[in-house]
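Fold and geometry: a report
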Amino acid sequence: MKKKILIFCIILLSILLFDRLFFMEHRLRGIWEYSNGSYFGDPIAYNQDFVLNESKIKFVRNKSEENPVLEKEIYLIGCYFNILLMYDNDLNKTAFYIKL
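As a starting point, this report considers the structure included with it. None of the values given here were measured: they were computed from a predicted structure.

So, on to the side chain of Asp88. In this structure, Asp88 sits in strand β6 (residues 83–88). Residue class for Asp88 comes out buried when judged on its relative accessible area of 1%. Engagement of the side chain of Asp88 in a polar contact is seen with the backbone nitrogen of Asp90, the distance being 3.1 Å.

Next comes the structure, spelled out in structure tokens:
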């Protein structure tokens, strides 16, 4: 039983790693609308407002005068089911964006 659980965990982690390395950037393309959490502009778009750099999202434009995000790096949690999840280490908050 333990061997089956270990094999299942290894397969699941392999699938998640493969997905993150090869398909995550493709899912980031598009326009994202603010939903909840930290605010990084509304709307934001891949290659216009941010780019993916390994496991970090780097914002390259200032979208809001109240909350500037110029040259800020945010950790990418994931991009699944048209929901973009990011973690702001400075504010210790998660940002939720929905794909338009």
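Right, let's get into the environment of Lys72. Within the secondary structure, Lys72 sits in the loop between β4 (56–59) and β5 (73–80). Given the relative accessible area of 19%, Lys72 is considered buried. Remark: the alpha-carbon pair of Lys72 and Phe59, spanning 13 residues in sequence, is separated by 5.3 Å. If we ignore the near neighbours within four places in the chain, the residues touching Lys72 are Phe40, Ile57, Lys58, Phe59, Asp88 and Asp90.

Our next topic: the nonpolar core. Where a protein is soluble and globular, its nonpolar side chains tend to be buried together. Membership of the largest hydrophobic core comes to 16 residues, with the highest contact counts inside it found for Phe50, Phe59, Leu84, Met86 and Tyr97. Residue assignment for this core shows that the elements contributing at least two residues are α2 (24–28), β4, β5, β6 and β7 (93–99). The leading source of residues in this core is β5, at three residues.

Below, the discussion takes up the pairing of β5. Pairing of β4 with β5 involves three bridges; the strand directions are antiparallel. Bridge assignment links Lys58 to a residue of β5, and that residue is Glu73. Note that β5 and β6 share five bridges and pair antiparallel. Of the residues in β6, the one forming a bridge with Tyr80 is Ile83. Once β5 ends, the chain turns through two residues before running back antiparallel as β6, passing Phe81 with a positive phi of about 55°.

Criteria and cut-off values
Residues numbered from 1 in each chain as written. Predicted model: local features only at pLDDT ≥ 70, side-chain atom pairs only at ≥ 80, totals over all residues. Heavy atoms only, no water. Helix = DSSP H or I, 4+ residues; strand = E, 2+ residues; numbered from the N terminus. Buried < 20%, exposed > 50% of the residue type's maximum accessible area, 1.4 Å probe, protein only. Polar contact = N/O pair within 3.5 Å; in protein donor to acceptor, adjacent residues only side chain to side chain. Contact = heavy atoms within 4.5 Å. Core = buried A, V, L, I, M, F, W, Y, C linked by side-chain atoms within 4.5 Å. Pairing = 2+ DSSP bridges.

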